[in-house]
Number of protein chains: 2
Amino acid sequence: MKIGELAKRSGLTAYTIRYYERIGLLPRVSRGRSNQRDYDASILNWTEFLHRLKTTGMPIRGMLQYAKLRERGPASEMERCRLLEEHRDRVRAHVAELQSCLSVLDEKIAGYAAAHRMENGHDRTRNKPARRKAAAR
Amino acid sequence: MKIGELAKRSGLTAYTIRYYERIGLLPRVSRGRSNQRDYDASILNWTEFLHRLKTTGMPIRGMLQYAKLRERGPASEMERCRLLEEHRDRVRAHVAELQSCLSVLDEKIAGYAAAHRMENGHDRTRNKPARRKAAAR
DNA sequence: CCTTGACTTAGAGCGCACTCTAACCTGTAT
DNA sequence: ATACAGGTTAGAGTGCGCTCTAAGTCAAGG
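The paragraphs below set out a description of the structure included in this document.

## Considerations on unusual backbone geometry
All names here are of chain B. Phi at serine 34 takes a positive value of approximately 65°, unusual for a residue other than glycine. With respect to the helices and strands, serine 34 occurs in the loop between helix 2 (14–23) and helix 3 (43–55). What makes serine 34 exposed here is its relative accessible area of 55%. The backbone of asparagine 35 sits at a positive phi, close to 65°, despite the residue not being glycine. Relative to the elements of secondary structure, asparagine 35 occurs in the loop between helix 2 and helix 3.

## Considering the relation of the copies chain A and chain B
Of the transformation placing chain A onto chain B, the axial shift is 0.0 Å and the rotation is 180°, giving an RMSD of 0.0 Å. Viewed as a symmetry operation, the transformation between the two copies matches a two-fold axis. If distances are taken from each C-alpha of chain A to the rotation axis, the shortest is found for Val95(A), at 3.2 Å. When you check the interface residues of chain A against chain B, 100% turn up at the interface there too, and the contact is symmetric in its surfaces.

## Considerations on the interface of chain A and chain B
Tallying the contact residues gives 33 residues for chain A and 34 residues for chain B. The junction of chain A with chain B conceals about 3,300 Å² of combined surface from both sides, 73% of it contributed by carbon and sulfur atoms. The interface formed by chain A and chain B contains four salt bridges. A salt bridge links Arg88(B) to Asp106(A); its shortest N-O distance comes to 3.0 Å. Between the two partners, chain A and chain B, sit eight residue pairs in polar contact (both at pLDDT 80 or more). Where the side of chain A that touches chain B is concerned, the elements lending two or more residues are helix 3 (43–55) and helix 5 (77–119) of chain A. Of all the elements, helix 5 of chain A adds the most residues to the side of chain A that touches chain B, at 25 residues. Of the residues assigned to the side of chain A that touches chain B, the class counts are 17 nonpolar, six polar and ten charged.

## Side note on the protein's contact with DNA strand C
Around DNA strand C sit 19 residues, and of these Arg31(A), Arg37(A), Tyr20(B), Lys54(B) and Arg61(B) come closest. Of all DNA strand C atoms lying within 4 Å of any protein atom, the proportion belonging to sugar or phosphate reaches 80%. Here a base oxygen of DNA strand C and a side-chain polar atom of Arg22(B) are 3.5 Å apart. Separating a phosphate oxygen of DNA strand C from a backbone N or O atom of Ile60(B) is a distance of 3.2 Å. When residues of the surface near DNA strand C are assigned to their parent elements, the largest contribution, five residues, is made by helix 2 of chain B. When grouped by side-chain class, the residues that make up the surface near DNA strand C number six nonpolar, five polar and eight charged.

## Examining helix 4 (residues 60–71) of chain A
All names here are of chain A. For helix 4, spanning twelve residues, the distance from its first C-alpha to its last is 16 Å, which sits close to the expected 16 Å at 1.5 Å a residue. Of the positions making up helix 4, those classed as buried are Gly62, Met63, Tyr66, Ala67 and Leu69. Down the axis of helix 4, the buried set is contained in an arc of 160°. They therefore lie on one face. Of the exposed residues in helix 4, those oriented more than 90 degrees away from the buried face are Arg61 and Glu71.

## Focus: empty space enclosed by the protein
Counted under the stated rule, the structure contains two cavities of 30 Å³ or more. For the largest cavity, the calculated volume is near 60 Å³. Among the elements that make up the lining of the largest cavity, the one with the highest residue count is helix 3 of chain A (four residues). For the lining of the largest cavity, the class distribution of residues is three nonpolar, three polar and one charged. Approximately 50 Å³ is the volume attributed to the second largest cavity. What lines the second largest cavity is simply Leu12(B), Tyr20(B), Thr47(B), Leu50(B), His51(B) and Lys54(B). Looking at the lining of the second largest cavity, its residues break down into three nonpolar, two polar and one charged.

Rules of the game
Residues numbered from 1 in each chain as written. Chains lettered and ligands numbered in written order. Predicted model: local features only at pLDDT ≥ 70, side-chain atom pairs only at ≥ 80, totals over all residues. Heavy atoms only, no water. Helix = DSSP H or I, 4+ residues; strand = E, 2+ residues; numbered from the N terminus. Buried < 20%, exposed > 50% of the residue type's maximum accessible area, 1.4 Å probe, protein only. Least-squares fit on C-alpha atoms with pLDDT ≥ 70 in both. Contact = heavy atoms within 4.5 Å. Buried area = accessible area lost by both parts, 1.4 Å probe. Salt bridge = Lys/Arg side-chain N within 4 Å of Asp/Glu carboxyl O. Polar contact = N/O pair within 3.5 Å; in protein donor to acceptor, adjacent residues only side chain to side chain. Nonpolar A, V, L, I, M, F, W, Y, C, P; charged D, E, K, R; others polar. Near = heavy atom within 4 Å. Expected span 1.5 Å × (residues − 1). Arc of directions from axis to C-beta. 1 Å grid on protein atoms, 1.4 Å probe; cavity = no way out; pocket = protein on both sides within 12 Å on 5 of 7 lines; lining within 4 Å. Points joined across faces, edges and corners; volume = space filled by probe spheres on them.

Right under this line is the structure:
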């Protein structure tokens with residue numbers, strides 16, 4: 001597989017693939033004739049994994065750390081595991097934070113919706129703007 | 001409240017507060033004598049809200065859009081609401097993605113843990129190397 | 001033969017969101 | 001009086017993660 005096809009299949013651009021190779025996130029693979037990179041399909045497992053780390057907010061520094069350990073073979077498994085566990089914990093914390101933000105967002109949206117209903121004269125009950133905790137719609 | 005205190009209370013730095021003012025995220029408040037910004041405590045509601053938008057991944061461009069609407073008063077409420085709804089939906093989608101990544105991460109970690117148990121001779125049951133889904137090596 | 005398109009490299013450029021520097025000013029405490 | 005802690009400005013610099021440019025090589029098709 002040449003770089004263009006890997007780009008299509010991995011969702012990275014060829015630019016990014018070369019960049020990742022430069023910095024050590026992707027291996028320096030063997031070249032076919034005319035010096036072109038020749039990737040094995042198994043590289044896709046790695047790019048997918050990297051994609052997940054990235055999606056979950058791991059900085060390149062962290063991925064690099066993991067990649068370096070990986071290159072050192074099975075002896076590094078415990079440390080890799082530790083690294084992933086720490087990352088997972090951070091991600092979990094972040095998800096919790098997002099969910100808390102989401103509920104505030106929902107409240108606020110509900111507030112706007114309520115205001116809008118009043119403006120349109122749907123306010124038969126004349127309460128105070130109603131203490132509507134969460135839940136939109 | 002002067003800029004230093006707002007910085008402490010909001011969690012932003014004074015640099016960032018001035019930056020936000022420059023770009024229009026924070027209002028140009030009145031100055032006391034000697035030209036120093038004098039903030040009302042109510043600004044904290046706004047900085048907190050901005051913080052939540054930022055935490056949930058809204059780019060400054062988006063916050064700016066919201067801020068501009070806000071300055072136009074109640075007439076913009078419907079549009080603000082729409083903006084928040086769109087953002088909320090993106091955040092929800094992102095959270096879902098994170099959770100899917102988390103489960104993959106958990107699998108992988110479990111794989112490492114299993115490998116580690118075997119290595120330490122806790123493998124009484126001598127099955128095939130166990131279906132180590134993600135594992136690595 | 002010649003064009004086309006995919007590849008190669010080193011290195012420059014970009015967009016984002018700050019973060020800091022330099023030079024200056026002001027109010028308060030000793 | 002003087003030092004010091006804070007504030008002010010315009011504008012430069014930083015770190016991240018790409019993204020692109022320029023100039024060149026190569027293989028296949030018309």
